[in-house]
Amino acid sequence: MTATVTEGRTERLERVSAATRTFMSRHAAMTPTFAALVILALLLVGAEASLRGDFVTPRTISSLLLDNAYLLILAVGMTFVILTGGIDLSVGSVMAFTGILGAQLLGSGVPAWLAVTVMLAGGSAIGLLIGVLVQYFDVQPFIASLAGLFLARGLAFVVSLSSIRVEDTGVLWLQQNRIRLGDWYITPTGILALVVVALAAFTLHLTRFGRTVYAIGGNEQSARLMGLDVARTKVAVYVISGFCGGLAGLVLTAYSGAGYPRNGIGTELDAIAAVVIGGTLLTGGRGYVLGTLVGVAVFGTIKTIISFMGAEQSWMQIIVGALLLLFIVIQRAIVARAERRR
Amino acid sequence: MDGALPLLELTGATVRFGADAALDDVSFRMFPGEVHSLMGENGAGKSTLIKAITGVLPLDAGTLTLDGTPVRFAGPHDAQRAGISTVYQEVELLPNLSVAENVLLGREPRRHGVLSQRLMRERAREILLDLGLDLDPGSALGSHPVAVQQLVAIARAISTDVRVLVLDEPTSSLDLDEVAELFRVIRELSSRGVAILFVSHFLDQVYEICDRVTVLRDGHLVGEYLTRQLLRIDLVQKMLGRDVSDFKARRRVPVDDEPGTEAFLSARGIASAPDLTPVDVDLAEGEVVGVAGLLGSGRTALARALTGVSRLEAGIVRIEGTPVDLDSPRTAIQLGVVYSSENRLAEGILGELSVLENITLSVQAQRGVLRRMRPARQRELAQSWVEALGIRPADLDRPAGTLSGGNQQKVLLARLLALAPRVLVLDEPTRGIDVGAKVEIQNLVGELADNGLSVVFISAELEEVLRVGDRVAILREGRLVDTLPSAELTVDSLLALVASPDEQED
Amino acid sequence: MTTFWKHRLFWPAAALVALVTVNSIARPRFLSITMRDGELYGALIDILRNSAPLMLVALGMTIVIATRGIDLSVGAIMAVSGAVALTVIDGSDDPGNLGTVLVAVATAIAVALVLGVWNGFLVAVLGIQPIIATLVLMLAGRGVALLITGGFITTVNSDPFSYIASGYLTLVPFALVISVVAVAVIALVERRTALGVLTEAVGINPEASRLAGVRSRGIVWGAYVLSGALAGVAGIVYASNIKAADANAAGLFIELYAILAVVLGGTSLAGGKFSVAGTVIGVLVIQTLESTILFLGVPSAQSPVFFALVVVVVVMVQSKRVRGAFGMVRRPGRDGPTGPPGPSKHEAVTGRRTEVAA
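The written sequence of each chain sets the order in which its residues are numbered from 1. Chains and ligands are labelled by the order in which they are written, letters from A for the one and numbers from 1 for the other. Side-chain atom pairs in this predicted model are given and counted only at pLDDT of 80 or more, local residue features only at pLDDT of at least 70, and totals for whole chains, interfaces and linings cover all residues.

*Asks:* I'm lost on the overall build of chain C in this one. Help?
*Replies:* The helix and strand labels rest on DSSP assignments: H or I over at least four residues marks a helix, E over at least two residues marks a strand, and numbering proceeds from the N terminus. In terms of regular secondary structure, chain C is built from 16 helices and six strands. Out of the 358 residues belonging to chain C, those deemed buried represent 51%. Residue pairs at least 24 apart in sequence account for 77% of intrachain contacts in chain C once pairs closer than 6 positions are excluded. Here a residue counts as buried when 20 or more other C-beta atoms fall within 10 Å of its C-beta, as exposed when 12 or fewer do, and as partly exposed in between; the C-beta atoms come from the backbone. A pair of residues counts as a contact when their C-beta atoms, built from backbone coordinates, are within 7 Å of each other.

Listed below in structure tokens is the structure:
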């Protein structure tokens, strides 16, 4: 009797361990994302402990999403690009350009829906330019998106050399309207950002387009031979990133109540850092958009902790740099282990 | 079969690259259920023909018909839809995606219009089991060995309604068991009426599996033959268009059996996990030791361990009795031990640099950054090796990447020989190059040994190992089975030693 | 003669000549150089002097790119170097003393050197992708610079320090002397040592180079150290010019302009073959364009639009698709950077033919 029970337990244990093995062999690529989750947990626990319970409050967590909605949207777009093995340096500037463009249009009496459409179209157009250069003119993504960066930044200053206030109630509503649940709240900008994440996760995992994105990052030539539509997909990821740039421009304009041509200088680096911290390999083909969500959360939490402690914001750059370093070393170790197994 | 209509027929096919015709007025046909081989030297037009029938390259002239209907493919996907699938030499799949996705992506099953990973895994599992492959379809492809990946590639090809399956050098990275497994699959498919185009350098395999062979030379059609009616020597002659009697018999250095004689290089118990368990190797001055073994037998691991490319985990290497620490290729070179990799393109030639720069590179690296060789001296050195090895074209300033495979290999040898080495370790120096250059390299190794150089010569072709080596070291599964004088071996007896013990019984 | 326009420096040089021509037509004084108190002045001199920081950074970037790498941290290193130099001078009792300035400059360059060593360590030893390895410092470097200056813009009044950017060494501006010396040293080292070919070998294929006995690690590491050191000097020139350390503005976007200069000069971002002369031309094109844009009365903040157009035009001209359309590419793979083989090419082809047919 005892023997059978023990046997049953061993069997169960074996089954569990087999299931774990299967899961791990299928999702080895998730390890960095788990690492990011652990770091996020450590950050929250550490901050909570050292700030005597003042940190992990509904208010702080809610404002985390509010403050970083624009970054989350940019990082999601960036995830698509990086998964194909590319990079998009233009996103910060695209956000500034579409932001100031929108503010200008709203200021001159254009209806909000039209202004928003123009912002999204403008971002997508710059993305399209980058994508076409990359795909049809064999330009390295780095250089092509550099052209996009210059173009968007310059255009932002062409629209206006100084900031423009936004009075449009529709746009400001995105930011000011708070849907509350107890002490928790969420703004339409936060919902927008989460919807973007959900749509991206769905697209990447459950559509052929999404799998093609991964396939291109794995081996572009193979993807082509498999009959996947590489050309259109490669252009599309830059358009998506540009579109996200436009959307982030809208969110940031709502957030700051103004368009400003100097917005988002260096934000592309924050977005890249968030994507990498979230476990996406810069060489492409491996990573998760939910990891990017975690990456942005880590980024935002550090920023909040620094402002709680009243430390210099320059520490932000140093800590994010150090974290980035930590993560690329982890990724490097994982890749090296995989190579050795070969 | 001859009464039947061809399934696929190419007539008067011409493909040009600029002014040169890579394929010139070639006709080619395949019947249902046959295994057809395409033979020819490098540059004969084999890969161009494959690309023409699989929709990768358009024809400049001529027609392609399928079931008697002219077709024109816009791309490989088009050809796939028409039932023509290809498995390439280098596995052209996606290591970062799951096995199931690799089998089915492009025509993945959907549920409610959305891609279903579960259905995909189930479908893939059936297809893989059909091929006798039992693996988790959800696992990442990259976590499997290359041979398995290749079979997954075939699974992908046959999971469509395949009518013509092109296998381009499918066996070059498989061991004997895996080849047997592949041949079982090929026979199964051909019995279902699939026409299979089997391209391989291995004559044995061609004779074992193919019904018919088409020979190309220099972009032209030589002819189409039934394999059983074509003698090997005739086949080789048709491929070369000349007699193959210029193999120089190598003068055997009598191996000094006198006890107490020191080997020039001696390795004791050297190991590098997981590919090589401790082995002993001795190399006398002027001796060629051939290394025979299958892929994964530890032959490349041995070469890399002897030349400082990978670090030793155990054991000791002595040169003229003195223990040496081979911690990098650079150290090995300083000790006179040089290595040419089996992977010429990835680890050998620097395609964008000129022939001159490629030849002088190692000498210059030895001298260091600051002590640059005078340009006149560089030219002199490179010129002498270009002449000595017959590198064509004899243009020192041409980018080395534009040379043919055989000439690139010679440039690589020139780079090593310019170092005036004592020990030359050559890992598959004749792989993937045309027969003419192959013979030249074999003869060169003999001459070098006659001049006192010690050589370790690795090759997948047993015949070549026997012809070139004074002694043959036989490796199996990372262990040294035996080292025997090649005079005491035949291809058959060597094969028996190389293969696993189970297979010696029949 | 037909080979002339195929030379890889032809297009960059043509662009520079075109820019200068347009400028000299639009403003006749563009080409004139005047002598005042034994010192040279004029638009061209300004361009040459102002290009010094970019020239220094782009030279280092050229070598890094040749090794298959990229150095995104140069702007941040400039900021750190400027911050260090100014903090040393600011903290001394005698800011106008030449000795103080020399110590400040030496300290700043030493710090930049260390940062270069750090980048090189990440890339050459840990094997991290260059773009991401240098991204670390690009992000963190400005934070470090801000910490050094305490978050303020440190300003100093020191004549010897101002001399670096504004002074004249007899006829020519001292900044120009610095950049000419840097170009000359790099060109000389490349020609007179084996560094050029070994760097190219490593850039084309690191593993093959290692097997050939090349000390790849040392060469790659050295490239980042050089890039860091040159960025350090550039940071000093920049700080000297504005007589202040501005951690946020110093070297902002300079990595992008430097990469642009290297690419304009015909060096491929894929590594391997590189051209110092090309980079010099690339820098001058950028600086002349900048000057032209300002002359046209466009606010300098808007000038990126023009650079975007330049990038687009250049990459399109270089792309196979466009070249193919104009019949400039004969066959893929034959469009190598080395000069065409000339008459021997015919021999080569027929030679191969006979060999095959024999």
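*Asks:* It is not clear to me how the overall build of chain A should be interpreted in this structure. Could you clarify?
*Replies:* When its secondary structure is counted, chain A shows 14 helices and four strands. Its C-alpha atoms give chain A principal-axis dimensions of roughly 85 × 55 × 35 Å. A total of 342 residues make up chain A; the buried ones form 53% of that total. Counting contacts in chain A only where the partners sit at least 6 residues apart, residues at least 24 apart contribute 78% of the total.

*Asks:* It is not clear to me how the interface of chain C and chain A should be interpreted in this structure. Could you clarify?
*Replies:* Size of an interface: often given as the accessible area lost when the parts come together. Contacts between chain C and chain A engage 35 residues on the former and 38 residues on the latter. Mapped onto the side of chain C that touches chain A, the elements with two or more residues apiece are α6 (130-148), α12 (254-264), α14 (304-318) and α15 (320-325) of chain C. For the side of chain C that touches chain A, the leading source of residues is α6 of chain C, giving twelve residues. Amino acid classes used here: Ala, Val, Leu, Ile, Met, Phe, Trp, Tyr, Cys and Pro are nonpolar; Asp, Glu, Lys and Arg are charged; the rest, including Gly, are polar. Of the residues contributing to the side of chain C that touches chain A, the split by class is 25 nonpolar, seven polar and three charged.

*Asks:* I keep staring at the nonpolar core and nothing clicks. Help me out?
*Replies:* Soluble globular proteins tend to bury their nonpolar side chains together. Residues of type Ala, Val, Leu, Ile, Met, Phe, Trp, Tyr and Cys that are buried and joined through C-beta atoms within 7 Å form what is called a nonpolar core. Counting residues in hydrophobic clusters, the biggest one holds 379 residues, and the most contacted among them are Ile73 and Leu324 of chain A together with Val80 of chain C. Here the element with the most residues in this core is helix α11 (residues 216-242) of chain C; it accounts for 16 residues. Aside from chain neighbours lying at most four places away, what touches Ile73 of chain A is Ala193, Val196, Cys244, Leu247, Ala248 and Val251 of chain A.

*Asks:* Any chance you could explain the sheet that holds strand β13 (residues 265-272) of chain B here in plain terms?
*Replies:* Adjacent strands of a sheet pair through backbone hydrogen bonds, lying either parallel or antiparallel. Residue and element names in this part refer to chain B. Only strands joined by at least two bridges in the DSSP assignment are considered to pair. The strand order β14-β13-β16-β17 describes an open sheet built from four strands, whose pairing is antiparallel. The sheet is open, and its two edges are formed by β14 (276-283) and β17 (322-324), each paired on a single side. Averaged over all pairs of adjacent strands, the angle between strand axes in this sheet comes to 25 degrees, irrespective of strand direction. In the sheet, β13 pairs with β14 via five bridges, with the strands oriented antiparallel. Axis definition: a line fitted to C-alpha atoms, over the contacting stretch in the case of helices. Angles run 0 to 180 degrees between N-to-C directions.

*Asks:* What should I look at first to understand the environment of Leu204 of chain A in this one?
*Replies:* All names here are of chain A. Tracing the sequence through the fold places Leu204 in helix α8 (residues 188-206). Accessibility expressed as a C-beta count within 10 Å gives 22 for Leu204, which makes it buried. In this structure, the C-alpha to C-alpha distance between Leu204 and Glu220, residues 16 residues apart in sequence, is 17 Å. Apart from the residues lying within four places of it in its own chain, the contact partners of Leu204 are Gly210, Val213 and Val289.

*Asks:* Help me understand the pairing of strand β20 (residues 454-458) of chain B in this model?
*Replies:* Within a regular strand, the side chains alternate between the two sheet faces. Residue and element names in this part refer to chain B. Within β20, five of the five residues are buried, which leaves the element mostly enclosed by the surrounding structure. Sheet topology places strand β15 (residues 288-292) next to β20; four bridges connect them, and they run parallel. Residue pairing in the sheet places Val288 in a bridge with Val455 of β20. Examined bridge by bridge, strand β19 (residues 423-427) and β20 share five bridges and lie parallel to one another. When the bridges of β20 are listed, Leu426 appears paired with Phe457.

*Asks:* Just to check I follow, could you spell out the confidence of the model for chain C for this structure?
*Replies:* In low-pLDDT regions, the fine details of the predicted coordinates are not to be read closely. All names here are of chain C. Note: pLDDT gives the predictor's confidence per residue, expressed from 0 to 100. This prediction gives chain C a mean pLDDT of 84; 88% of its residues lie at or above 70. For chain C, the element scoring lowest by mean pLDDT is helix α16 (residues 344-357), at 31; helix α3 (residues 52-66) scores highest, at 96. Contacts from residues 328-358, a stretch scored under 50 in pLDDT, to residues over four places away or in other chains number 36 contacts.

*Asks:* Help me out: how do you make sense of the sheet that holds β19 of chain B in this one?
*Replies:* Residue and element names in this part refer to chain B. Strands sit in the order β18-β19-β20-β15-β21-β22 across an open sheet of six strands; the sheet is mixed. Each having just a single partner strand, β18 (337-340) and β22 (479-485) make up the two edges of the open sheet. Along the sheet, successive strands turn relative to each other by an average axial angle of 15 degrees, direction set aside. Examined bridge by bridge, β15 and strand β21 (residues 471-476) share four bridges and lie parallel to one another. Residue pairing for β21: Val289 is matched across the bridge by Arg471.

*Asks:* When you look at the UniProt feature "transmembrane region" (unreviewed entry) in chain A in this model, what are you seeing that I'm missing?
*Replies:* Residue and element names in this part refer to chain A. Following the UniProt record, one finds the feature "transmembrane region" (unreviewed entry) at residues 69-101, 113-136, 142-164, 184-204, 235-255, 288-309 and 315-335. From the first C-alpha to the last, residues 69-101 spans 20 Å; its make-up is 79% helix and 0% strand. Between the end C-alpha atoms of residues 288-309 the distance is 32 Å, and the span holds 95% helix and 0% strand. UniProt positions are given in the numbering used here, feature names are shortened, and annotations may be inferred rather than shown by experiment.

*Asks:* Is there a simple way to think about the interface of chain B and chain A in this case?
*Replies:* Taken together, the contacts link 21 residues of chain B with 22 residues of chain A. Mapped by element, the contributors of at least two residues to the side of chain B that touches chain A are α2 (76-81) and β8 (114-115) of chain B. Per-element accounting of the side of chain B that touches chain A gives the leading share, three residues, to α2 of chain B. Looking at the side of chain B that touches chain A, its residues break down into nine nonpolar, eight polar and four charged.

*Asks:* Sorry if this is basic, but what is going on with helix α4 (residues 117-130) of chain B here?
*Replies:* Along an α-helix, residues three or four positions apart point the same way, because every turn accommodates 3.6 residues. All names here are of chain B. Between its terminal C-alpha atoms α4 stretches 20 Å, which fits the 20 Å expected from 14 residues at 1.5 Å a residue. If you check which residues of α4 are buried, you get Gln117, Met120, Arg121, Ala124 and Leu128. Down the axis of α4, the sector holding all buried residues measures 95 degrees, keeping them to one side. Structural note: α4 exposes Arg118 and Glu126 on the side pointing more than 90 degrees away from its buried face. In this structure, the buried residues of α4 make contact with α3 (99-104) and α5 (146-158). One or two positions beyond α4, positive phi appears at Gly132, with a value near 75 degrees. Helices are assigned an expected span. That span is 1.5 Å times one less than the residue count. Picture the helix axis, draw a direction to every C-beta atom, and the arc is the one those directions span.

*Asks:* Got a minute to help me understand the packing of helix α5 (residues 112-136) of chain A against helix α11 (residues 230-256) of chain A in this structure?
*Replies:* Helix packing geometry: the angle between the two helix axes and the distance between the axes. Residue and element names in this part refer to chain A. α11 packs onto α5 with a crossing angle of 150 degrees between their chain directions and a minimal axis gap of 7 Å. The handedness of the crossing between α5 and α11 is right-handed. Here the contact of α5 with α11 is built from residues that sort into 15 nonpolar, eleven polar and one charged. Left-handed describes a crossing in which the near helix is turned anticlockwise from the far one by less than a right angle; the clockwise case is right-handed.

*Asks:* Would you take a moment to explain the environment of Gly102 of chain A for this structure?
*Replies:* Residue and element names in this part refer to chain A. Within the secondary structure layout, Gly102 lies in helix α4 (residues 91-107). In this structure, the C-alpha to C-alpha distance between Gly102 and Gly122, residues 20 residues apart in sequence, is 10.0 Å. Each residue touching Gly102, except ones within four places of it in the same chain, is listed here: Ala115, Val116, Met119, Gly249, Leu250, Thr253 and Gly259.

*Asks:* Sorry, what's going on with unusual backbone geometry here?
*Replies:* Residues other than glycine predominantly adopt negative phi, and peptide bonds predominantly adopt the trans conformation. Cis geometry is found at the peptide bond from Arg392 of chain B to Pro393 of chain B, where omega equals -10 degrees. Here Pro393 of chain B lies in the loop between α13 (375-389) and α14 (405-417). If you check the backbone angles, Glu320 of chain B has positive phi at about 50 degrees while not being a glycine. Along the chain, Glu320 of chain B falls in the loop between β16 (314-319) and β17. Positioned with a positive phi, Lys243 of chain C is a non-glycine residue whose angle comes to about 55 degrees. Tracing the backbone through its elements, the reader meets Lys243 of chain C in the loop between α11 and β6 (244-245).

*Asks:* Got a minute to help me understand the packing of helix α12 (residues 267-277) of chain A against α6 of chain C in this structure?
*Replies:* Contact geometry for α12 of chain A and α6 of chain C: axes closest at 11 Å, N-to-C directions at 125 degrees. The angle between α12 of chain A and α6 of chain C falls in the class oblique. α12 of chain A and α6 of chain C meet at a crossing whose hand is left-handed. On α6 of chain C, the residues touching Leu269, Ile272, Ala273 and Val276 of chain A of α12 of chain A are Ile132, Leu135, Met138 and Leu139 of chain C. Taken together, the residues that form the contact of α12 of chain A with α6 of chain C break down as eight nonpolar, no polar and no charged. The scheme is simple: roughly parallel for angles under 35 degrees, roughly antiparallel for over 145, roughly perpendicular for 65 to 115, oblique for anything else.

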